[in-house]
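As a plain string of letters, each chain reads:
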Amino acid sequence: MKIDSNGNLILGTTVILITTLLLVAIIVFTTVNYIDNENIDSQENDNFKYIIDDYSNNIEVLGRDSLYDACEKVYHTYKLLDSEDQLKKNLNKKLSSKNEEFKEKYDADISSEVLSVESTDSPWKVLFKVKLNVKKNSNRFSKIIEKNVSIEGLKDPLPLAKLSVASGVFYQGDKLNYKNALTRYLKIRNLDSPLSYAFATTPLYIKKCPYDPYIHHGDRNGEVMKDCLKQGFFHESADGSCYLCRLEGKGKCPHYGMEVFIQPHTPLVNDSISCSDHVVFSDHYPGQKIDKLDIDSLILDSSHRKKYGLYYND
Ligand SMILES: [Zn+2]
Ligand SMILES: [Zn+2]
């Protein structure tokens, strides 16, 4: 009896001990397992976020490439009637091969559609909106991605969209020389002194003018203006056209746009139309040479003179 009760006691204690140990073991195991799963989940999440960020950055790069391609079309005598439509096509094509690339690289299922390509409050940016759906394992992402794409450094499509390559315009370093194309253009429209614009030049690439506010262009006796012309800077202008409308050959548009000077190189001193490109290609109002003795002088109207602070030698 004594041995039995002692044995029972030992057995009972052992069972309780083992049960406790088992419980502790289960609790520890579950906890460790839970933490592990958490780590895997957040790792997977990070990975998924990385894929989406990577893709969004690609939209910006490919949007820029799409603008470049559209402009090249214009430079190869292709008439763009609907630049937004062309840019949607360009970008959709690029994105669909990007989607295949992402499938291989990350095993992610991506579908995308360019919803719109728009002008913005800044003439230096074009807004792309892309509907994006991403699926990988249990993760899903669906959102409209908006990217502002810079147009700086791209060619200005307007001269070629207006006159076409057949007009005889030619490259002169980082400028475009109009040869006789503008003279013909002004003659056809019965505008004053078409010969003033023979061999006039315009910058090829879009560069934002750093001389802001623009009224300082007349500073240092016009030296600032001279540098602006030499560098070929573009300026913000409510009257000038935006990049998307330039692609369509519009000298003027309802969006906030830009203007650039078409620089004459002429000994003639007759009044002709003012040399801001929206005036040459659309508004057609007159201007006078700023410096009658300078063959490279701009031909400008009074409101542009005011805007750029140019009053010298008048
Ligand atoms: Zn400037
Ligand atoms: Zn526009």
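Residues numbered from 1 in each chain as written. Chains lettered and ligands numbered in written order. Predicted model: local features only at pLDDT ≥ 70, side-chain atom pairs only at ≥ 80, totals over all residues.

Colleague: How should the sheet that holds strand 4 (residues 170–172) be read in this particular structure?
Modeller: In a beta sheet, neighbouring strands are held together by backbone hydrogen bonds and run either parallel or antiparallel to one another. Within the open sheet, the 3 strands sit side by side as 4-5-6. Their pairing is antiparallel. At either end of the open sheet lies a strand with only one pairing partner, and these are strand 4 and strand 6 (201–203). For this sheet the average axis-to-axis angle between neighbouring strands, irrespective of direction, equals 35 degrees. Here strand 5 (residues 175–177) runs beside strand 6; their pairing, made up of 3 bridges, is antiparallel. Within strand 6, the residue paired with K175 across the bridge is P203. (Pairing = 2+ DSSP bridges. Helix = DSSP H or I, 4+ residues; strand = E, 2+ residues; numbered from the N terminus. Axes fitted to C-alpha atoms, helices over the stretch in contact; angles between N-to-C directions.)

Colleague: When you look at the domain arrangement of the protein chain in this model, what are you seeing that I'm missing?
Modeller: Many structure descriptions define interface size as the accessible area lost when the parts assemble. For the protein chain, the domain assignment lists domain 1 (38–150) and domain 2 (158–308). Distance between the C-alpha centres of domain 1 and domain 2: 35 Å. With 16 residues of domain 1 at the interface, the matching set in domain 2 holds 16 residues. Looking at the side of domain 1 that touches domain 2, the elements with two or more residues in it are helix 1 (2–75), helix 2 (83–106) and strand 1 (109–119). Split by residue class, the side of domain 1 that touches domain 2 holds 10 nonpolar, 4 polar and 2 charged. (Domains from an automatic or database assignment. Contact = placed C-beta atoms within 7 Å. Nonpolar A, V, L, I, M, F, W, Y, C, P; charged D, E, K, R; others polar.)

Colleague: Would you take a moment to explain the nonpolar core for this structure?
Modeller: Across soluble globular proteins, nonpolar side chains show a tendency to be buried alongside one another. Counting 62 residues, the largest nonpolar core has V126, F128 and L247 as its most contacted members. Counting residues per element, this core draws most heavily on helix 1, at 9 residues. Residue assignment places this core across two domains, with domain 1 (38–150) and domain 2 (158–308) each supplying three or more. Beyond its immediate chain neighbours, meaning those up to four positions away, L247 contacts A70, C71, V74, L80, S83, P157 and A161. (Core = buried A, V, L, I, M, F, W, Y, C linked by C-beta atoms within 7 Å. Buried ≥ 20, exposed ≤ 12 C-beta atoms within 10 Å, placed from the backbone.)

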